[in-house]
Amino acid sequence: MTVGALDGRRILVTRPRELAAGLAALIAGAGGEPVLFPAIEIRGPEDADAARAALGRAQEFDLAVFVSPSAVRKAFELLARPWPARTRVAALGAGTRRALEARGVREVVAPDEGADSEALLALPQIQQVAGARVLILRGAGGRELIGETLAARGARVDVVECYRRARPAPGAAPEGVLDAVCANSGETLDNLVALLGHARLRDTPLFVPNERVARRAREIGFAAVQVAGPGDAHVLARLLAYFGGAK
């Protein structure tokens, strides 16, 4: 750890309130000040009854793909029974895998590196799916890449939208200087600019999980974009390196 790198640094954490505690604790533990400002909310699905009914048929599928910890949390809120043992489970990354394991799901297929659709689709366990029934659990309006790729590989794919992302209602803006911003998605960035304005954020170092979000940040006009990686530990490591002088 770069000693003292975050001392006095105020880091804006934009994750949904229920998902922000881990990163906030790491920042505080390294001497920084986490400033919680959720720029995205996770809500239940538009049609909860339809999602609940689809999840009730989970045992009919050979593989279920959870795209995020929010997909796990919302799906298990709707699921009225334990996860069926016959249905294999895959996750986009380590955080989603941990969320599944915390709910008793074992032998979760997930990439060791990366936490996106491309990383999952590259795994050997996801290559041979011809004839398999696959259930994708995601948010409304999520990326189509997993479903389209698995269908092209011969799988029969169903999608359950088990949550919605929404822009929070405008509230009090964080006061004082912000030394860095952490954001996990392009939608979060769009919401953040709408809530706080572009001028305040443009030159603030921005830490994002992958190059796809970084491209969106540059399109919006962020001037100092850092690709940190998908997990809380990756974000902390990049913050420490950046403010410790290894930019």
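The model shown is predicted, which means the values in this text are computed figures rather than measured ones.

J.: Sorry if this is basic, but what is going on with the packing of aromatic side chains here?
T.: Summed over all chains, the structure comprises six aromatic pairs. Aromatic rings pair up to connect F66, F76 and W83 into one cluster. A cation sits over an aromatic face here: R133 above F61, 4.3 Å from the ring centre.

J.: Just checking my understanding: could you explain the sheet that holds strand 5 (residues 88-91) for this structure?
T.: The strands making up a sheet associate through backbone hydrogen bonding, with each pair oriented either parallel or antiparallel. With mixed pairing, five strands are arranged side by side in an open sheet as 3-7-6-4-5. The open sheet terminates on both sides in strands that have one partner only, identified here as strand 3 (41-43) and strand 5. Adjacent strand axes in the sheet meet at a mean angle of 25 degrees when their direction is disregarded. Pairing analysis gives four bridges linking strand 4 (residues 63-66) to strand 5, with the strands arranged parallel. Looking at the pairing, A64 lines up with V89 of strand 5.

J.: How should I be thinking about the environment of I220 in this particular structure?
T.: Summarising the element assignment, I220 is placed in helix 9 (residues 211-220). Sequence separation between I220 and R202 is 18 residues, and the spatial gap between their C-alpha atoms is 8.8 Å. Other than its neighbours up to four places away in sequence, I220 contacts L189, D190, V193 and H198.

J.: In this structure, what is going on with the nonpolar core? I would like to understand it.
T.: Across soluble globular proteins, nonpolar side chains show a tendency to be buried alongside one another. Within the largest apolar cluster, 27 residues are counted, with the highest numbers of intra-cluster contacts made by F66, F76, W83, L100, L137 and C162. Among the secondary structure elements, those contributing two or more residues to this core are helix 2 (48-55), strand 4, helix 3 (69-78), strand 5, helix 4 (94-101), strand 6 (133-139) and strand 7 (156-166). The element contributing the most residues to this core is helix 3, with five residues. Look past the residues within four positions of L100 in its chain and what remains in contact with it is F66, V72, F76, V89, A91, V105 and V108. Among the nonpolar cores identified, the runner-up in size contains 19 residues, and V35, A39, L178 and L206 belong to it.

J.: Sorry if this is basic, but what is going on with the layout of surface pockets here?
T.: Gaps between atoms show up when a probe of the same size as a water molecule is rolled over them. Space inside the second largest pocket adds up to approximately 200 Å³. Every residue lining the second largest pocket is counted, 13 residues in all, and those nearest its centre are A85, T87, R88, V105 and R106. Here the lining of the second largest pocket is composed, by residue class, of six nonpolar, two polar and five charged.

J.: Please explain the pattern of salt bridges as it appears in this structure.
T.: In a structure, side chains of opposite charge can pair up when their charged atoms sit close to one another. Throughout the structure, instances matching the rule amount to 20 salt bridges. The salt bridge partner of R10 is E33, with a shortest N-O separation of 3.4 Å. Separated by 23 residues along the polypeptide, R10 in strand 1 (residues 10-13) and E33 in strand 2 (residues 33-36) bring together distant segments of the chain. Given the relative accessible area of 18%, R10 is considered buried. Taking the shortest distance from any N to any O, the salt bridge between R143 and E118 comes out at 2.8 Å. Of this pair, R143 sits in the loop between strand 6 and helix 6 (145-152) while E118 sits in helix 5 (residues 117-121), and the two are 25 residues apart along the sequence. Residue R143 is classed as partly exposed on the basis of its relative accessible area, which comes to 35%. By sharing partners, the salt bridges in this structure join E18, R73, K74 and E77 into a single network.

Rules of the game
- Residues numbered from 1 in each chain as written.
- Predicted model: local features only at pLDDT ≥ 70, side-chain atom pairs only at ≥ 80, totals over all residues.
- Heavy atoms only, no water.
- Phe/Tyr/Trp six-rings, centres within 6.5 Å; stacked < 30°, edge-to-face > 60°.
- Lys NZ or Arg CZ within 6 Å of the ring centre and 35° of its normal.
- Pairing = 2+ DSSP bridges.
- Helix = DSSP H or I, 4+ residues; strand = E, 2+ residues; numbered from the N terminus.
- Axes fitted to C-alpha atoms, helices over the stretch in contact; angles between N-to-C directions.
- Contact = heavy atoms within 4.5 Å.
- Core = buried A, V, L, I, M, F, W, Y, C linked by side-chain atoms within 4.5 Å.
- Buried < 20%, exposed > 50% of the residue type's maximum accessible area, 1.4 Å probe, protein only.
- 1 Å grid on protein atoms, 1.4 Å probe; cavity = no way out; pocket = protein on both sides within 12 Å on 5 of 7 lines; lining within 4 Å.
- Points joined across faces, edges and corners; volume = space filled by probe spheres on them.
- Nonpolar A, V, L, I, M, F, W, Y, C, P; charged D, E, K, R; others polar.
- Salt bridge = Lys/Arg side-chain N within 4 Å of Asp/Glu carboxyl O.

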